[in-house]
Every structure is written in structure tokens, then in C-alpha cells.
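# A structural walkthrough
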Amino acid sequence: MPFTKNQIITLEIEALSNDGNGVAHKDGQAVFVPLTAPGDVAEVRIVKPMKTYAFGRVEKLLTAGPGRIKQDCPVAGPCGGCGLRHISYEAECAAKTQFVRDAFARLGKLDVPVLDVLGAPDTDRYRNKVQLPVGTDENGHIVTGFFAGRSHRIVACTDCKLQPAWMNELAARACALLEENGITAYNEETHTGRVRHLYMRQGWHSGQRLLCFVVNGNGLPNEAEICATLQKEFALTTILVNRNSERTNVILGRRTRTVLGPGVIEDTLAGVPLRMGVHEFYQVNTPAAEVLYAKAREYAGLKPDDFLLDLYCGMGTIGLSMLADCKRLVGVEVVPQAVEGAKETAARLGLDADRADFRCQDAGAAAAQLAAEGARPDVIVVDPPRKGCDEAALTAIAEMAPRTVVMVSCNAATAARDAKWLTEHGYKAVEVQPVDLFPRTKHVECVVKLVWE
Ligand SMILES: C[S@@+](CC[C@H](N)C(=O)[O-])C[C@H]1O[C@@H](n2cnc3c(N)ncnc32)[C@H](O)[C@@H]1O
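What you are looking at is a predicted structure, and each value in this text was computed from that prediction instead of being measured.

## Some words on the overall build of the chain
- Looking only at helices and strands, the chain has nine helices and 22 strands in total.
- Relative to the globule expectation of 22 Å for 453 residues, the C-alpha radius of gyration of the chain, 23 Å, shows essentially globular dimensions.
- Each of the three principal axes of the chain carries a C-alpha extent, and together these read 65 × 60 × 35 Å.
- Considering the chain as a whole, with its 453 residues, one finds that 52% of them fall into the buried category.
- Relative to all contacts within the chain whose residues are 6 or more apart in sequence, the contacts with residues 24 or more apart total 65%.
- Surface summary for the chain: the accessible area is close to 19400 Å², and the carbon and sulfur share equals 51%.
- Of note, the chain has its 51 positive side-chain charges centred 3 Å away from the centre of its 55 negative side-chain charges.

Printed below as a string of C-alpha cells:
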């Protein structure tokens, strides 16, 4: 019998599902309850009954599970960011290890060892980039915050614990300056108003700071004064304005203008020097990304004469971080600014195109072209977006048959699917290492080692 809406039932939470919800079973049906911990016993209201499962909400916590802790953020949950701030970091790591194990066993149907997650060096204030939507609160004040889960309603947040304090302070100051200057926040429904997002980035090792106003229209009234004030108060390296006048959920528009400073910030990642603006993908948790890259390098097991192909390479950081171990690197990435950044880094490192070459191309198309040209990489690293690798890329990888494939992924479900595909085309999955790049959220990264059999 399906549950009925608003029915109240008592449940004991058994585990966390891979989207961070607690899972319990009653009368043979699964009930998913956000913001619960394994071992919690709670009275739960059914809010969304489906045919064979349901979603519920805690009405009353009767007994707290052993990993539950006091939540230290008033908007965790509604803001859609920290889904796991109510459990200890130890419990979070155990849950994330299980998410990845489940994905590889159930979705990938792979009998591969999945190691315990490598925890992050910092669990708070670790983000090097934020994109805060700008809106208007019920009193007419300009606020920044986050979109509530699965919605475009802004939940105001003045002290997000995932981002450095200066980013929170700058957001509050920028809102005050916008109000003082009579500048409005963008309204998605009416497509009116000016400022859509505040985008901030920090070079983790360099300390350099970038701010970008994402604006509906061409810049801000009193732009020079506002930017000069913020640059002085927050020691900003550069300030940009990005123009986005489209009716779209995509945050950045195509045109970005530099108001102050060089337009980019510099940093290093795993020893690789980088210069970045706003369009390039860059791992958001620098120290944890360095742990991830070290694991990828170990799994790659490169030899001095090897040819390494880095697909979905962003600014080329993974490949460049292991280039000292091999002879030649080719990186493929679809975002032109990222490829320019990779080429610039290679030039700064004194690497010519025979040693490190970067191509602005679709990964599947580039891999197919390389396979057709008879390229035979010894090791291929793939680090695709959440949707995973295109089948064209996987097909070309199997055709080129490198000794080792290292798959880096922020989505264990698609990594398991792609690893399964490769195991059906000549590879054996040897080991999976989850790495926590996103503490206090439901997200987890993983690295997979596959070898040609
Ligand atoms: C998860 S990021 C990894 C970037 C890089 N490996 C790193 O560690 O910074 C995925 C990258 O794939 C790129 N990308 C997305 N679709 C692509 C495609 N079809 N072909 C090539 N690159 C793509 C994105 O622009 C992004 O830079």
C-alpha cells in the first residue's frame, strides 16, 4: 500500500542515500528523509508519496543517531548547499565511502575494491570560488545567498561556512554599496533589475582575489567608484564585469570586461602555476584537489618514455602535474579560455608543443581523431563533467588501448557506468579511491584505476 500524503510514521534511519537523504524502510517501501543521520529514530511526515517509495520530513526526532551533531548553520538544509552539516565529519566520510561502494557495486556491477574515502584537509572555509545569486528580501534590501534546493528562490546567507570569511564580508559590503547607489538586483521572473550574481575567486596558495559582477546590461552606475572602494577594502587583485542579459539559468554571459587589475589571478595547483579569470573550470577545494591529483598520479604509474593523454583537461592541471613522470602530454578541453590558460602555463614552464600540446576540441571528437591517426597513448586520464564520458570518447579510448586509464569523476554513478563500459571493452577495474573535495555537502569525488587486460 502506498503511503498517503501527511501520514505520520515512526522510522529508524538505516543509511544515507547518495543524494544525502536518510533512508528507512516501512512495509517494504523505502522512505527518503533529508537531514537525518543513520540511527535516528523520528516521527516522519510523508510529504511526497510515490508508488513504491516516498519522501518524508522529520516532525519530531525521538532518538538521535550516533553520528548526529548540532547543526551550526541556520540555513543549512534550505540553502541546498550543506546537506550533511548535521552529522560528524567521521560519519560523513563513512557515508561517502558507502555512496561510492554502492555506485560501483549496484550501478557498475563491478567487483572492485573501493577504498575508504580520503578526507579533506579542511572541512570549512575551503571553497576557492563562489557564485552568489543577488536578490531582494521581503524588506526590499539587496541580499546574496543560495538557491534553495531544486528551486530559484534565494535563501539569504550572510556567513556561509564553506567559503572564506572575506567572501562573506565582501558580499555584505557589495549589497550595501549597490543599495546606496540605487542599483537593483536582477529578478529572474520579470527579467528586470541589474545585478545577477557576485562571482569571487581566490588563489589558495597565492592569496590573490578576484571579484566579478554578473550584470543584466552593460555595467553598473558609479561602477568605477564602487569597484575602487571594494578593491581598497578587500585587497582585490582584479575586478571584472560580466554581461549576461539573457533569460537563462546559466550564470555567466559570454562578454567579460576588466574594470581594475590584470583581469586574472594567479595560483598553483599541485605545483602547476596557473592564471585564471572567470570562465575556466578550477577545482574548488585546492588542498583536497592536491590529494586527488597525487592519487591520480600514483594510479597513472607513468614511465619516462610514456605518452599521456589528458581528456577533459580544463587548464591542463592534472596532466601537467604528472608530466615530470613521462615524455609527452596531449590535453583536450572544449572551453577556449581554459585551453589558452593551459598553453600559457606550458609556455611559462618552457614546454614546447612536442612535450605538452593542448587542443580546444570535444573530447570524443579529439579522441576519435587521435585513434584514427594511429596515436597510441600509454596512459589516458579522463576527468569529465558530472554527466560522464561521451561514448565516442570511450570507444576511441578502447581503440587506442592504453596500458592504464585513470578516471577522475565528481559523480560516482556516471564513473561506475563508464568504468563498466570499459570493462566490457578490454579493461579491468583495479581500484577506486574516493576523495572528499566537498566536505559538508553530499558530493564526493573518486579516482578509478583501470588496466588493459
Ligand atoms: C571536471 S572538469 C575537469 C578539469 C580538469 N581536469 C581539472 O582537474 O581541473 C571537466 C572539464 O571538462 C570540460 N568539458 C566538458 N565537456 C567537454 C567535452 N565534450 N569535451 C572536452 N571537454 C569538455 C569542461 O569544460 C571542464 O573543464
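## Observations concerning the pairing of strand β15 (residues 272–276)
- Counting buried positions over the five residues of β15 gives four, a clear majority of the element.
- With five bridges joining them, strand β14 (residues 265–269) and β15 adopt antiparallel strand pairing. From the neighbouring strand, Ile265 faces β15, where its bridge partner is Met276.
- In textbook terms, the turn of a hairpin is the stretch between consecutive antiparallel strands, and for β14 and β15 this stretch comprises two residues, one of which, Ala270, has a positive phi near 50 degrees.

## Structural notes on unusual backbone geometry
- Even without being glycine, Ala401 reaches a positive phi, approximately 50 degrees.
- Tracing the chain through its elements places Ala401 in the loop between α8 (391–400) and β20 (404–409).
- Exposure remark for Ala401: the relative accessible area of 27% places this residue in the partly exposed category.
- The backbone of Arg440 shows a phi angle near 75 degrees, a positive value even though the residue is not glycine.
- When you line up the elements, Arg440 lands in the loop between β21 (427–435) and β22 (445–452).
- Overall, Arg440 belongs to the buried group, its relative accessible area being 6%.

## Describing the domain arrangement of the chain
- What the domain assignment lists for the chain is domain 1 (8–68), domain 2 (94–121 + 285–452) and domain 3 (129–269).
- When each unit is reduced to the centre of its C-alpha atoms, the spacing between domain 1 and domain 2 is 36 Å.

## Side note on the site of the ligand
- Around the ligand sit 18 residues in total, of which Tyr293, Glu333, Asp362, Ala363 and Asp383 are the nearest.
- Here an oxygen atom of the ligand and a side-chain polar atom of Gln283 are 3.0 Å apart.
- At a separation of 3.3 Å, a nitrogen atom of the ligand approaches a polar backbone atom of Val334.
- Here the ligand loses 89% of its free accessible area of 600 Å² to cover by the protein chains.
- Split into classes, the residues belonging to the shell around the ligand amount to 10 nonpolar, four polar and four charged.

## As for the UniProt feature "active site" (unreviewed entry) in the chain
- Mapped onto this numbering, the UniProt entry gives "active site" (unreviewed entry) at Cys410.
- Residue position: Cys410 is located in the loop between β20 and α9 (412–423).
- Ignoring anything within four residues of it in the chain, the contact list for Cys410 reads Arg386, Phe438, Val444 and Glu445.

## Quick word on the pattern of salt bridges
- Evaluated as defined, the whole model comprises 24 salt bridges.
- In this structure, Asp325 and Arg297 form a salt bridge, with 2.8 Å as the shortest nitrogen-oxygen distance. In this pair, Asp325 sits in the loop between α5 (317–321) and β17 (328–333) while Arg297 sits in helix α4 (residues 286–300), placing the two residues 28 residues apart along the sequence.
- Judged by relative accessible area, Asp325 falls into the partly exposed class, the value being 22%.
- Since its relative accessible area comes to 32%, Arg297 is described here as partly exposed.
- Within the structure, one salt-bridge network assembled from shared partners comprises Glu92, Lys96, Asp436 and Arg440.

## A word on the sheet that holds strand β11 (residues 209–215)
- What the seven strands build is an open sheet, ordered β9-β8-β7-β10-β11-β12-β13; its pairing is mixed. For this open sheet the edge positions go to β9 (154–156) and β13 (255–260), each flanked by a neighbour on one side alone. Pairwise comparison of adjacent strand axes, ignoring direction, gives a mean angle of 35 degrees for this sheet.
- Note that β11 and strand β12 (residues 238–243) share six bridges and pair parallel. In the sheet register, Leu210 faces β12, and the bridge partner there is Thr238.
- Lying over the sheet, helix α2 (residues 165–180) contacts β7 (129–136), β8 (142–147), β10 (195–202) and β11, oriented at roughly 150 degrees with respect to β10.
- In this fold helix α3 (residues 223–234) packs onto β11, β12 and β13, with an angle of close to 65 degrees to the strand it touches most, β13.

About the thresholds
Here the residue numbering is sequential within each chain, running from 1 through the sequence in written order. Totals for whole chains, interfaces and linings use every residue, but because this is a predicted model, local features are given only for residues with pLDDT of at least 70 and side-chain atom pairs only at 80 or more, for both listing and counting. Calculation of side-chain values draws on the structure's entire complement of heavy atoms; hydrogens and water are dropped beforehand. Starting at the N terminus, helices and strands are each numbered in turn, a helix being any DSSP run of H or I of at least four residues and a strand any DSSP run of E of at least two. Atoms counted for the radius of gyration: C-alpha only. Globule rule: 2.2 Å times the number of residues to the power 0.38. Each residue's exposure class comes from its accessible area (1.4 Å probe, protein chains only) as a fraction of the maximum for that residue type: buried when under 20%, exposed when over 50%, partly exposed otherwise. Two residues form a contact once any of their heavy atoms are found within 4.5 Å. Areas reported here follow the Shrake-Rupley algorithm with a probe of radius 1.4 Å; residue values treat only the protein chains shown as occluding. When charges are tallied, Lys and Arg are placed among the positive residues and Asp and Glu among the negative ones, while His and the ends of the chain are skipped. Charged side chains are reduced to one point each, which is NZ for Lys, CZ for Arg, CG for Asp and CD for Glu. By this definition, two strands are paired if DSSP reports at least two bridges between them. The source of the domain bounds is an automatic or database domain assignment. Definition of nearness: a residue and a molecule or strand are near each other if at least one heavy atom of the residue lies within 4 Å of the molecule or strand. Polar contacts, as counted here, are pairs of nitrogen or oxygen atoms within 3.5 Å of one another; within protein the pair requires one atom able to donate a hydrogen and one able to accept it, and residues that are adjacent in sequence qualify only if both atoms are side-chain atoms. Here the term charged refers only to Asp, Glu, Lys and Arg, the term nonpolar to Ala, Val, Leu, Ile, Met, Phe, Trp, Tyr, Cys and Pro, and the term polar to all other amino acids, Gly among them. UniProt positions are given in the numbering used here, feature names are shortened, and annotations may be inferred rather than shown by experiment. The rule for a salt bridge is simple: a side-chain nitrogen of Lys or Arg has to be within 4 Å of a carboxyl oxygen of Asp or Glu. To obtain an axis, a line is fitted to C-alpha atoms, over the contacting stretch when the element is a helix, and the angle between two such axes runs from 0 to 180 degrees between their N-to-C directions.

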